[in-house]
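# Summary of the model geometry
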Amino acid sequence: MNFVELSVIVSPRLQGEDILITELANLGYDSFAETEDGFNAYIEESDFSNEGIQKLFDHYLKEFSIKHTTQLIEQKNWNEEWERSFSPIIVGNECTVRAPFHDVNTKCKYNIIIEPKMSFGTGHHQTTRLMISQLLKLNVKSQQVLDMGCGTGVLAILSAKMGAKQVLAVDIDEWSYNNCIENCKSNNVDIVEVKLGGVEQIKGSGFFTILANINKNILLKQIPLYFSVLHEGGDLLLSGFFDSDTDEIIEKANQTGLMFVDKKIEENWALLHFQKH
(Lines give C-alpha, C1' and ligand atoms only; values in the text may rest on other atoms or scores of the structure.)
Protein backbone atom coordinates (compact mmCIF):
# COMPACT_ATOMS: atom_id res chain seq x y z
CA MET A 1 0.00 0.00 0.00
CA ASN A 2 1.41 3.38 -1.04
CA PHE A 3 0.77 6.76 0.57
CA VAL A 4 0.78 10.37 -0.56
CA GLU A 5 2.77 12.79 1.58
CA LEU A 6 1.35 16.31 1.55
CA SER A 7 3.83 18.94 2.80
CA VAL A 8 2.20 22.20 3.91
CA ILE A 9 3.59 25.59 4.93
CA VAL A 10 0.91 27.99 6.17
CA SER A 11 1.05 31.50 7.61
CA PRO A 12 -0.06 32.55 10.22
CA ARG A 13 1.28 29.18 11.27
CA LEU A 14 -0.40 28.10 14.49
CA GLN A 15 -3.93 29.15 13.62
CA GLY A 16 -3.62 27.94 10.04
CA GLU A 17 -2.20 24.55 11.01
CA ASP A 18 -4.99 23.89 13.50
CA ILE A 19 -7.67 24.61 10.92
CA LEU A 20 -6.03 22.81 7.99
CA ILE A 21 -5.22 19.68 10.00
CA THR A 22 -8.86 19.42 11.06
CA GLU A 23 -10.02 19.90 7.47
CA LEU A 24 -7.50 17.36 6.13
CA ALA A 25 -8.57 14.81 8.76
CA ASN A 26 -12.11 15.18 7.44
CA LEU A 27 -10.76 14.41 3.95
CA GLY A 28 -9.25 11.13 5.16
CA TYR A 29 -5.69 12.10 6.12
CA ASP A 30 -4.87 9.97 9.15
CA SER A 31 -1.29 10.84 10.08
CA PHE A 32 0.36 14.20 10.68
CA ALA A 33 3.91 15.20 11.56
CA GLU A 34 5.43 18.56 12.45
CA THR A 35 8.25 19.84 10.27
CA GLU A 36 10.60 22.77 10.72
CA ASP A 37 8.45 25.05 8.58
CA GLY A 38 5.00 23.45 8.77
CA PHE A 39 3.61 19.93 8.73
CA ASN A 40 3.25 16.79 6.63
CA ALA A 41 -0.03 14.93 6.17
CA TYR A 42 -0.40 11.37 4.92
CA ILE A 43 -3.20 9.57 3.10
CA GLU A 44 -3.51 6.29 1.18
CA GLU A 45 -2.82 6.79 -2.50
CA SER A 46 -6.24 5.43 -3.45
CA ASP A 47 -7.96 8.09 -1.30
CA PHE A 48 -5.90 11.06 -2.49
CA SER A 49 -7.63 13.77 -4.51
CA ASN A 50 -5.58 16.65 -5.91
CA GLU A 51 -8.84 18.43 -6.78
CA GLY A 52 -10.00 18.10 -3.17
CA ILE A 53 -6.76 19.59 -1.85
CA GLN A 54 -6.87 22.51 -4.26
CA LYS A 55 -10.51 23.22 -3.39
CA LEU A 56 -9.71 23.19 0.34
CA PHE A 57 -6.71 25.51 0.05
CA ASP A 58 -8.53 27.89 -2.31
CA HIS A 59 -11.25 28.21 0.34
CA TYR A 60 -8.74 29.61 2.83
CA LEU A 61 -6.65 31.79 0.51
CA LYS A 62 -8.12 35.00 1.93
CA GLU A 63 -7.18 33.97 5.49
CA PHE A 64 -3.83 32.25 5.06
CA SER A 65 -0.79 32.05 2.84
CA ILE A 66 -0.51 28.37 1.90
CA LYS A 67 2.26 26.54 0.03
CA HIS A 68 2.14 22.80 -0.55
CA THR A 69 3.83 19.94 -2.37
CA THR A 70 2.96 16.27 -2.73
CA GLN A 71 4.98 13.15 -3.29
CA LEU A 72 4.24 9.45 -3.52
CA ILE A 73 5.63 7.39 -0.63
CA GLU A 74 6.02 3.66 -1.06
CA GLN A 75 4.90 1.38 1.74
CA LYS A 76 7.30 1.47 4.71
CA ASN A 77 7.52 0.98 8.44
CA TRP A 78 5.85 4.20 9.60
CA ASN A 79 6.78 3.69 13.26
CA GLU A 80 10.40 3.39 12.23
CA GLU A 81 10.16 6.53 10.12
CA TRP A 82 8.60 8.47 12.98
CA GLU A 83 11.22 7.26 15.45
CA ARG A 84 13.96 8.41 13.09
CA SER A 85 12.50 11.92 12.73
CA PHE A 86 11.29 12.59 16.29
CA SER A 87 13.95 13.68 18.75
CA PRO A 88 13.50 14.53 22.45
CA ILE A 89 13.65 18.17 23.55
CA ILE A 90 14.94 19.68 26.77
CA VAL A 91 13.59 22.94 28.23
CA GLY A 92 15.54 24.86 30.84
CA ASN A 93 17.57 21.77 31.75
CA GLU A 94 14.58 20.82 33.93
CA CYS A 95 12.07 19.21 31.61
CA THR A 96 12.46 16.77 28.75
CA VAL A 97 9.69 15.81 26.36
CA ARG A 98 10.37 12.46 24.74
CA ALA A 99 8.73 9.53 22.98
CA PRO A 100 8.39 6.11 24.67
CA PHE A 101 11.32 4.75 22.66
CA HIS A 102 13.74 7.41 23.96
CA ASP A 103 15.89 6.82 27.04
CA VAL A 104 14.97 8.59 30.29
CA ASN A 105 16.95 11.79 30.81
CA THR A 106 18.15 11.38 34.40
CA LYS A 107 19.53 14.94 34.48
CA CYS A 108 16.07 16.48 34.10
CA LYS A 109 13.65 16.76 37.01
CA TYR A 110 10.61 16.17 34.80
CA ASN A 111 10.41 13.52 32.07
CA ILE A 112 7.26 13.65 29.94
CA ILE A 113 6.34 10.88 27.51
CA ILE A 114 4.37 12.02 24.47
CA GLU A 115 2.99 10.04 21.54
CA PRO A 116 1.75 12.92 19.38
CA LYS A 117 -0.01 10.95 16.62
CA MET A 118 -2.32 13.55 15.03
CA SER A 119 -2.00 16.10 17.84
CA PHE A 120 0.58 18.86 17.94
CA GLY A 121 2.41 19.67 21.16
CA THR A 122 5.57 17.60 21.23
CA GLY A 123 7.51 20.61 22.48
CA HIS A 124 9.17 21.24 19.13
CA HIS A 125 7.00 24.25 18.37
CA GLN A 126 8.22 27.56 19.77
CA THR A 127 4.98 28.31 21.62
CA THR A 128 5.00 24.97 23.45
CA ARG A 129 8.59 25.53 24.56
CA LEU A 130 7.74 29.04 25.71
CA MET A 131 4.81 27.76 27.76
CA ILE A 132 6.88 24.97 29.34
CA SER A 133 9.69 27.37 30.21
CA GLN A 134 7.36 29.89 31.88
CA LEU A 135 5.32 27.21 33.65
CA LEU A 136 8.50 25.85 35.22
CA LYS A 137 8.94 29.24 36.95
CA LEU A 138 5.53 29.06 38.65
CA ASN A 139 4.48 27.35 41.85
CA VAL A 140 1.49 25.15 41.06
CA LYS A 141 1.92 22.80 43.99
CA SER A 142 -1.46 21.88 45.56
CA GLN A 143 -3.26 24.22 43.14
CA GLN A 144 -5.95 23.88 40.47
CA VAL A 145 -4.71 24.35 36.90
CA LEU A 146 -6.61 24.85 33.63
CA ASP A 147 -4.94 23.82 30.35
CA MET A 148 -7.11 25.30 27.59
CA GLY A 149 -6.46 23.87 24.13
CA CYS A 150 -4.44 21.08 25.72
CA GLY A 151 -3.37 19.26 22.54
CA THR A 152 -1.16 16.32 23.52
CA GLY A 153 -1.53 17.30 27.17
CA VAL A 154 2.13 18.14 27.71
CA LEU A 155 1.36 21.24 29.84
CA ALA A 156 -1.33 19.46 31.87
CA ILE A 157 1.03 16.55 32.51
CA LEU A 158 3.88 18.85 33.52
CA SER A 159 1.55 20.69 35.92
CA ALA A 160 0.61 17.38 37.51
CA LYS A 161 4.26 16.35 37.83
CA MET A 162 4.97 19.74 39.45
CA GLY A 163 2.51 18.91 42.20
CA ALA A 164 -0.79 20.45 41.10
CA LYS A 165 -3.81 19.27 43.09
CA GLN A 166 -6.12 19.06 40.09
CA VAL A 167 -5.76 19.82 36.38
CA LEU A 168 -8.57 20.39 33.88
CA ALA A 169 -7.45 19.84 30.27
CA VAL A 170 -9.84 20.97 27.51
CA ASP A 171 -9.61 20.68 23.74
CA ILE A 172 -12.18 21.07 20.98
CA ASP A 173 -10.40 18.52 18.77
CA GLU A 174 -11.38 14.86 19.32
CA TRP A 175 -7.95 13.56 18.27
CA SER A 176 -6.29 15.81 20.86
CA TYR A 177 -8.80 14.75 23.50
CA ASN A 178 -8.06 11.04 22.99
CA ASN A 179 -4.32 11.60 22.68
CA CYS A 180 -4.22 13.63 25.90
CA ILE A 181 -5.96 10.83 27.79
CA GLU A 182 -3.49 8.29 26.39
CA ASN A 183 -0.49 10.45 27.28
CA CYS A 184 -1.74 10.99 30.84
CA LYS A 185 -1.88 7.22 31.25
CA SER A 186 1.61 6.81 29.81
CA ASN A 187 2.91 9.30 32.39
CA ASN A 188 1.01 7.70 35.29
CA VAL A 189 -0.85 10.97 35.86
CA ASP A 190 -4.30 10.50 37.38
CA ILE A 191 -5.25 14.01 38.52
CA VAL A 192 -5.85 15.38 35.02
CA GLU A 193 -9.49 15.55 33.94
CA VAL A 194 -9.67 15.70 30.15
CA LYS A 195 -12.78 17.16 28.50
CA LEU A 196 -13.78 17.42 24.85
CA GLY A 197 -15.18 20.81 23.91
CA GLY A 198 -14.63 24.51 24.47
CA VAL A 199 -15.27 27.08 27.17
CA GLU A 200 -18.57 25.44 28.07
CA GLN A 201 -16.50 22.74 29.78
CA ILE A 202 -15.10 25.23 32.30
CA LYS A 203 -17.24 25.07 35.40
CA GLY A 204 -16.90 27.16 38.57
CA SER A 205 -13.81 29.17 39.41
CA GLY A 206 -10.73 29.00 41.56
CA PHE A 207 -7.97 28.18 39.07
CA PHE A 208 -4.64 29.46 40.35
CA THR A 209 -2.97 28.90 36.97
CA ILE A 210 -4.51 29.05 33.49
CA LEU A 211 -2.53 27.96 30.43
CA ALA A 212 -3.87 28.81 26.97
CA ASN A 213 -1.78 28.11 23.87
CA ILE A 214 -4.35 28.77 21.16
CA ASN A 215 -4.55 31.63 18.62
CA LYS A 216 -5.00 35.37 18.90
CA ASN A 217 -8.66 35.68 17.88
CA ILE A 218 -9.84 32.95 20.24
CA LEU A 219 -7.75 34.33 23.10
CA LEU A 220 -9.17 37.83 22.64
CA LYS A 221 -12.68 36.39 22.99
CA GLN A 222 -11.84 34.18 25.96
CA ILE A 223 -9.68 36.51 28.11
CA PRO A 224 -12.73 37.83 30.05
CA LEU A 225 -13.73 34.25 30.87
CA TYR A 226 -10.22 33.40 32.03
CA PHE A 227 -10.35 36.44 34.31
CA SER A 228 -13.66 35.32 35.79
CA VAL A 229 -12.43 31.82 36.72
CA LEU A 230 -8.90 32.84 37.77
CA HIS A 231 -8.25 33.01 41.51
CA GLU A 232 -7.08 36.29 43.05
CA GLY A 233 -3.30 36.37 42.69
CA GLY A 234 -3.43 33.65 40.02
CA ASP A 235 -1.32 33.42 36.87
CA LEU A 236 -2.49 33.42 33.24
CA LEU A 237 -0.04 32.30 30.53
CA LEU A 238 -1.03 32.98 26.90
CA SER A 239 0.73 31.90 23.72
CA GLY A 240 -0.05 30.88 20.15
CA PHE A 241 0.50 34.26 18.47
CA PHE A 242 3.24 36.46 17.07
CA ASP A 243 5.11 39.30 18.76
CA SER A 244 3.24 41.72 16.49
CA ASP A 245 -0.03 40.68 18.17
CA THR A 246 1.06 41.28 21.76
CA ASP A 247 -0.02 44.93 22.07
CA GLU A 248 -3.62 44.06 21.16
CA ILE A 249 -3.71 41.16 23.63
CA ILE A 250 -2.13 43.20 26.43
CA GLU A 251 -4.68 45.98 25.88
CA LYS A 252 -7.56 43.50 26.07
CA ALA A 253 -6.16 41.88 29.21
CA ASN A 254 -5.64 45.25 30.89
CA GLN A 255 -9.23 46.29 30.07
CA THR A 256 -10.40 43.09 31.70
CA GLY A 257 -8.46 43.83 34.88
CA LEU A 258 -5.40 41.62 34.45
CA MET A 259 -1.93 42.91 35.27
CA PHE A 260 0.86 42.38 32.74
CA VAL A 261 3.84 40.55 34.25
CA ASP A 262 6.21 39.42 31.50
CA LYS A 263 6.71 38.78 27.78
CA LYS A 264 8.94 36.16 26.17
CA ILE A 265 9.79 35.83 22.47
CA GLU A 266 11.19 32.94 20.45
CA GLU A 267 11.59 33.33 16.69
CA ASN A 268 8.79 35.94 16.54
CA TRP A 269 6.39 33.73 18.52
CA ALA A 270 5.32 35.26 21.82
CA LEU A 271 4.21 34.36 25.34
CA LEU A 272 2.44 36.78 27.69
CA HIS A 273 2.21 36.36 31.46
CA PHE A 274 -0.58 38.09 33.41
CA GLN A 275 -1.78 38.03 37.01
CA LYS A 276 -5.12 38.81 38.65
CA HIS A 277 -5.01 41.29 41.55
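Our subject is the structure listed above.
The text that follows walks through the structure, step by step, so that each part is easy to find. This structure is a prediction, so every number in the text was calculated from the model and none was measured.

Within helix H4 (residues 126-135), 8 of the 10 residues are buried, leaving the element largely enclosed by the surrounding structure. For H4, the complete set of buried residues consists of Gln126, Thr127, Thr128, Leu130, Met131, Ile132, Gln134 and Leu135.

Following the sequence through the fold, Ile53 ends up in helix H2 (residues 50-59). A relative accessible area of 1% means that Ile53 is categorised as buried. Each C-alpha atom of the pair Ile53 and Phe207 lies 42 Å from the other, and the pair is 154 residues apart in sequence.

So, about the pairing of strand S1 (residues 3-11). With 6 bridges connecting them, S1 and strand S3 (residues 39-44) associate as antiparallel partners. Bridge pairing in S3 links Val4 to Ile43.

Here we take up helix H5 (residues 154-161). Of all 8 residues in H5, 7 are buried, a share of seventy percent or more. Along H5, the residues classified as buried are Val154, Leu155, Ala156, Ile157, Leu158, Ser159 and Ala160. Of the residues one or two after H5, Gly163 is the one with positive phi, at around 105°.

Let us look at unusual backbone geometry. Here the amide bond leading from Ser11 into Pro12 is cis, since omega sits at 0°, within 30 degrees of zero. Here the phi dihedral of Asn188 falls at roughly 55°; this positive angle occurs in a residue that is not glycine. With phi around 50°, Glu267 is a residue other than glycine that occupies positive phi space. With respect to the element layout, Glu267 can be found in the loop between strand S13 (258-266) and strand S14 (269-276). Exposure remark for Glu267: the relative accessible area of 56% places this residue in the exposed category.

All right, on to the sheet that holds strand S6 (residues 95-98) then. Either a parallel or an antiparallel arrangement is found when strands of a sheet pair, and the pairing is made through backbone hydrogen bonds. Spatially, S5-S6-S7 is the arrangement adopted by the 3 strands of the open sheet, whose pairing is mixed. Of all strands in the sheet, those with a lone pairing partner are strand S5 (89-91) and strand S7 (110-113), marking the two edges. Taking the axes of each pair of neighbouring strands and ignoring which way they run, one obtains an average angle of 20° across the sheet. Taken together, the 4 bridges between S6 and S7 define a ladder with parallel strand orientation. Following the sheet pairing, Val97 is matched in S7 by Ile112. Sheet strands touched by H5: S6 and S7. Its angle to S7, the strand with the most contacts, is close to 145°.

About the thresholds
Residues numbered from 1 in each chain as written. Predicted model: local features only at pLDDT ≥ 70, side-chain atom pairs only at ≥ 80, totals over all residues. Heavy atoms only, no water. Buried < 20%, exposed > 50% of the residue type's maximum accessible area, 1.4 Å probe, protein only. Helix = DSSP H or I, 4+ residues; strand = E, 2+ residues; numbered from the N terminus. Pairing = 2+ DSSP bridges. Axes fitted to C-alpha atoms, helices over the stretch in contact; angles between N-to-C directions. Contact = heavy atoms within 4.5 Å.

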